[in-house]
Every structure is written in C-alpha cells, then in structure tokens.
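Residue-level listing of the chains:
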Amino acid sequence: MIRPVSENALLVTLADEIRQELPAQLRSLCEQLEAQKWPWLEDLIPSYTTLLIIYDPDQLDFRQAIAAIRPILAAEGSGSANKPESRTIELPVYYSPESGPDLEALAAACSLSVPDVIEMHTAQTYQVFAMGFAPGFGFLAEVDPAIAHPRKTTPRKSVPAGSVGIANRQTAVYPVSSPGGWQLIGRCPTRLFDRDSLSLLATGDQVRFRSISREDYLAQGGEL
Amino acid sequence: MSFGHKGLLISKPGASATVQDVGRTGFRHHGLAKGGAMDLHAFYWANKLLGNALDAACLEILLGGFEARAETDITIAVTGACADVAVNGQASDLWQTIELKAGDTLNIGHAKSGRILYLALPGGIKSPEWFASQSVVPREKIKGLEPLKVGGHLAAARPQQNIGRRWLPLADRPDYSRDLRLTLIPGYQHHQFSKQDLLRLTTHDYQVTQQSDRMGYRLQGPALQDVPSGIISEGIADGALQVPGDGQPIALMNDCQTIGGYPKPGVIAAVGRYRLSQRLPGQSIRFEFGDLADAQNELRLFNRFFAKSQWRSEKECWTWE
C-alpha cells in the first residue's frame, strides 16, 4: 500500500505487523528504487514494516510520484525482482559489569547467571529492522525471550559510545554517547558510525555478537 | 579545506548560532537528520538580498543577542525575528543589505517578535561541508560541524562585490505576532484518532511551550483523550505532528529523529511550518485539516517565487517577473 503523507513524502506499508522477511524486502525495494536514478528521489527511510520515500515536489506532484513507484512495488510483490544477498556482520562485545552496568541486575531479574545471559545474547543471529534514533543506531531483533527485559524506567542522561543494550526483544549498540534507557550489558569496540563512511549497519543486514575479553576489547580500541 | 574570504569575528554568538543551508538530503537511512534552516522564508530572503544562490549557507541565530566585528569591508543581510540591529551603535535594519567597513561592530539585539534570525554573507558562509551539506545538527556531534563559539570566524564564500543597496518593502516583511493557522495534511494514523480528538485538535488554540528546539516544538492545549498506541516505528516526514501518551502534540522540526513510533494525525504543511518555527513560547497556533494537492501547490508557488523573482535594478526592491 502506498499513501502520501505530506507534500514531499509517500509512505509504503508492506505489512501490518513486524515479520522476519520484511527487512530483506525493504532493502530490496530500496535498491530497486535507487537503481531508477530518478532525479526527484531524495531520501528512503526503511523501518520495520514501512518505507518512507522523500521526493522533490518541485519536479513532480504526488500523483506522478505514486504512478512512477507503483510498478516497482508491484514487481517486488510478485517476487520477480532479484533479491540482494544479505550481509552478516560480527560485532565483538566485552560483556561485564564494568562495561555493562545492568548486566548483573538483568541476569538476576531473568533468574539466570551472567554467563547464561552472554550465551543467549551471542547465540542469536539478529536482523537490522531499522536505522534511526541516532546516526548509525541499528534496531536489532529478535532477542531470546529469556533475556528480553524492558527499558529502564528512568533513562540515563549519558550512555557511553559502544554500549550494547537490550530493550524488550530488541538489542542495539549505541554508536555515539547519548541519553538512553536500554539495559546495558556490555560494550563493543567496533565503530558503528564513522565520519567518512557513515553507518556500518544497514536495514536488512544480519548481525552476530561474539564475546571477547577485557584485553581484546582494549586491544581493539575499546575504552573504559 | 580553504578558509574562504574574510568575514566576521564573533564576540557574542547568542543563545545558539549554527551554520545552516537547506539541509542534508539522501542520508536519512543512516539515521542522519535532515537539519537545515527552519524558516526557509527568512533564509531565502537573506540570500536573495545579497544575490547569493538561494541554498547558500547562512548563520541561523536563535533569539538574537549576537555581536560580531567585520574583518574587512563586507555587505551582509539579516532577516527573520524582529530585533534591533545596530552598526557601531547606530541603528540599522533587518530585511536589507548592510554595508560594514573593516572594524565595524554589528550588534543584533534580543528577538522581540519571532525566534530565529538569518545572517547572510557574500556568496554564502564558507564552512566545512559534510555529505553534501554544511548544516550543523548539534546532537549528532559531528567533528567540525559545531555551533559557533565566541572568537569563531565566519568566512564569506566569495569576495566583497558592490551589489548596491537592496531592501524588502515594509509591506512584504512578515509580522510574526499575527495569528497563525497551520494546515495539517491528514496522514499516518489519522484514521485511528477519534473524531472527538480530531475536532479538539482543530477547534482550540495550542501554545508553543518552553520545550521547543530544533528537534521539535512541544505544544500545549486541550489534551487528546484517546491516543492510539502500539504504533510500529516509521519514517518521519518533515513537519510530522506526533502525539505522545500525554495527548499534547509535538511538531517535529528539522533536527528530529528519522524514525519514530508515536501516533501522528498528520503533517504540518511546509509553508506554515516555516512560520511556526518563528513562534516563541506562549504564542499560540490553530490547526486546520487541509488538502494535500492545495498544500503541494502552495509550496511550489512559494519555491517558484524565490526561484523566479528578480531585483528590478540594483537600487530598487524586488519584482515578480
């Protein structure tokens, strides 16, 4: 379904609920649209079930934009478009009370040991369902229900860069220090946002976490 | 990077002063905000007065209280919020070219009506460009793209040229104290809001509160009673109106997050949003639902006016060609 939401934006809705196959579909749709090289296409914002398309209304009106986009959507829906390969990115994490101030409390709340929590967090392959909140911030799902835990009732004023958090069945790495309410379980030394290459992650990517030692974390440029 | 041509040395940046152009396009999927000048009406005029490209970067000054010294002879223009402008203590004016001599002190007083001022330099401001824009989004903490500080330099993109004196007739200058009706284009979760809440939103005044910045303007008025919940985060269009659980709407502005999960009854049409950006805390606005095609036409006419209108001669005001 495609609907205009403002003078320069169209919202494409692929489904009413979050599904595992949607990030890959959104990514494929973005690639198809980018491949058209339309001079009026300005921004594509995929997120969970939707794609917001920003265009230049000085070049065409909303009816013309919808007419141009509809055939691409139809081809996507019929599965005739080539599906892009998804990338798998491995992120090292130093899990500890020192780097993840909520790790012990989360383990206790879930009636698990700290090693169990680490094991469950690293066992899953996650998908990037959306990018947002801050530059380079990817919303990853789904977290094992045994360690799913709601956000803190009072967000922290400042969460250090690299912090790995859990919020219900989502997990994420904070690319830069910012306020935040996720339950922090560790820290990742990999840069998720770079001034030159922008975001490491993109919607549709697969992500795995790997537990590393304090020494490895520091050797890879991590800060404590 | 070249440092451009001599310009101004800042002694008082005011509450906040950031370099802004028309914003960063094409990178919102990385989580980067669009940024850019909030009031494109005053912004375009600042550039037009100096004969700059319409999208040339200007300094966006919040609430006035700004002082700078000219490092060279330079013609500038200041537009936007109503504030006293003086050169070496002598009264000058907004919405016109101002010729500064090397060593002159430019002073912009506190905004009396309106919130934002634009300061334009010849050819635009020379500052670091990052991913096709000079716009500064402070919360993104990108090195080199920070708000201006005391002692900072503003360099001009081209050397001084004699462009003559230009001004905007009084009748064409905006009055930011006037009543403001904002067109709300129905969209997003519009159909999930109750009829009573949509009526409430469009039959009462809402006031701009102190909690207003470049990310969003929090409004206060009769709270919506029955706000939809369980919305999946989705891309945010420029000017989306979101309603969190307390029922008080927030108008999302240029530096807002790229995705969000609060319900949205619609999006504020652009030309009205530029005017909203000039509202001070305590000032009110009124919403009315409007037609998308009309809003799109209004925006195209607005853009066309700035693209096509020309100065009749160097010593006169503008004309609509």
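Position numbers for residues count from 1 along each chain, tracking the sequence in the order it is written. Think of it this way: whatever chain is written first is A, whatever ligand is written first is 1, and the rest follow in order. Only residues with pLDDT of at least 70 are given local features in this predicted model, and only at 80 or more are side-chain atom pairs given and counted; all residues enter the totals for whole chains, interfaces and linings. The side-chain figures draw on all heavy atoms in the structure; neither hydrogens nor water molecules are used.

Turning our attention to empty space enclosed by the protein. Residue and element names in this part refer to chain B. In the cavity and pocket records, a cavity denotes points on a 1 Å grid over the protein atoms alone where a 1.4 Å probe fits but cannot get out, a pocket denotes an open set with protein on both sides within 12 Å along at least 5 of 7 lines, and lining residues are residues with an atom within 4 Å of a point. Grid points are joined across faces, edges and corners, and a volume is the space filled by probe spheres set on the points. Applying the stated criterion across every chain yields a total of two cavities of 30 Å³ or more. Taken as a whole, the largest cavity spans an internal volume of roughly 100 Å³. Surrounding the largest cavity, 13 residues form its lining, Arg28, Asp238, Met253, Asn254 and Cys256 being those nearest its centre. When the residues that make up the lining of the largest cavity are grouped by side-chain class, the tally is five nonpolar, four polar and four charged. Note that the domain bounds were set by an automatic or database domain assignment. Counting residues domain by domain, the lining of the largest cavity receives three or more from each of domain 1 (5-174) and domain 2 (181-290). Reported here for the second largest cavity is a volume of approximately 30 Å³. In this structure, the second largest cavity is lined by Leu50, Thr75, Pro122, Arg158, Gln160, Gln161 and Ile163. Three classes are used: nonpolar for Ala, Val, Leu, Ile, Met, Phe, Trp, Tyr, Cys and Pro, charged for Asp, Glu, Lys and Arg, and polar for all others, with Gly counted as polar. By residue class, the composition of the lining of the second largest cavity is three nonpolar, three polar and one charged.

Residues and elements named next belong to chain B. Interaxial distance between helix H1 (residues 40-49) and helix H4 (residues 292-308) falls to 11 Å at its minimum, and their mutual angle equals 10 degrees. Considering the angle they form, H1 stands roughly parallel to H4. Note on element contacts: H4 touches H1 through Phe302, Asn303, Phe305 and Phe306, opposite Leu40, His41, Tyr44, Trp45 and Lys48. Looking at the contact of H1 with H4 residue by residue, the classes come out as six nonpolar, two polar and one charged. Note on method: axes are straight lines fitted to C-alpha atoms, helices fitted across the in-contact stretch only, with angles between N-to-C directions ranging 0 to 180 degrees. Where helices and strands are cited, they refer to DSSP runs of H or I of at least four residues and of E of at least two residues respectively, numbered from the N terminus. In what follows, roughly perpendicular refers to angles from 65 to 115 degrees, roughly parallel to angles under 35, roughly antiparallel to angles over 145, and oblique to any angle outside these ranges. Contact definition: two residues touch when any of their heavy atoms are within 4.5 Å.

Here we take up the domain arrangement of chain B. Residues and elements named next belong to chain B. Each domain of chain B was delimited in the assignment, giving domain 1 (5-174) and domain 2 (181-290). Between the C-alpha centres of domain 1 and domain 2 the distance comes to 28 Å. The interface of domain 1 with domain 2 comprises 28 residues on the first partner and 20 residues on the second. By convention, the term buried area covers the 1.4 Å-probe accessible surface removed from two parts as they join, with the contributions of both added. Counting each side, the surface lost to burial between domain 1 and domain 2 is near 1800 Å², with a carbon and sulfur contribution of 45%. Three residues stand out in domain 1 for area buried against domain 2, namely Met38, Arg115 and Arg139, and they jointly supply 40% of the buried area on that side.

Let's shift gears to unusual backbone geometry. Note that the residue after Ala141(A), namely Glu142(A), is joined by a cis bond; omega there is 5 degrees. Tracing the backbone shows Glu142(A) in the loop between strand S7 (138-141) and strand S8 (156-159). With a phi angle near 55 degrees, Ser111(A) is a residue other than glycine that sits in the positive phi range. Along the chain, Ser111(A) falls in the loop between helix H3 (103-109) and helix H4 (114-123). A positive phi angle is found at Ala132(B), which is not glycine, with a value near 65 degrees. Take Ala132(B): its relative accessible area is 60%, and that puts it in the exposed class. Residue burial is assigned from relative accessible area. The probe radius is 1.4 Å, only protein chains are included, and a residue is buried under 20% of its type maximum, exposed over 50%, and partly exposed in between.

Residue and element names in this part refer to chain B. The element H1 is extensively covered by neighbouring structure, given that ten of its ten residues are classed as buried. Listed in full, the buried residues belonging to H1 are Leu40, His41, Ala42, Phe43, Tyr44, Trp45, Ala46, Asn47, Lys48 and Leu49. Its side-chain oxygen placed 3.1 Å from the backbone nitrogen of His41, Asp39 serves as the N-cap of H1. Backbone geometry just downstream of H1 places Gly51 in the positive-phi region, at approximately 70 degrees. Under the rule applied, a polar contact is a pair of N or O atoms within 3.5 Å (in protein, one hydrogen donor and one hydrogen acceptor; residues adjacent in sequence only if both atoms are side-chain atoms).

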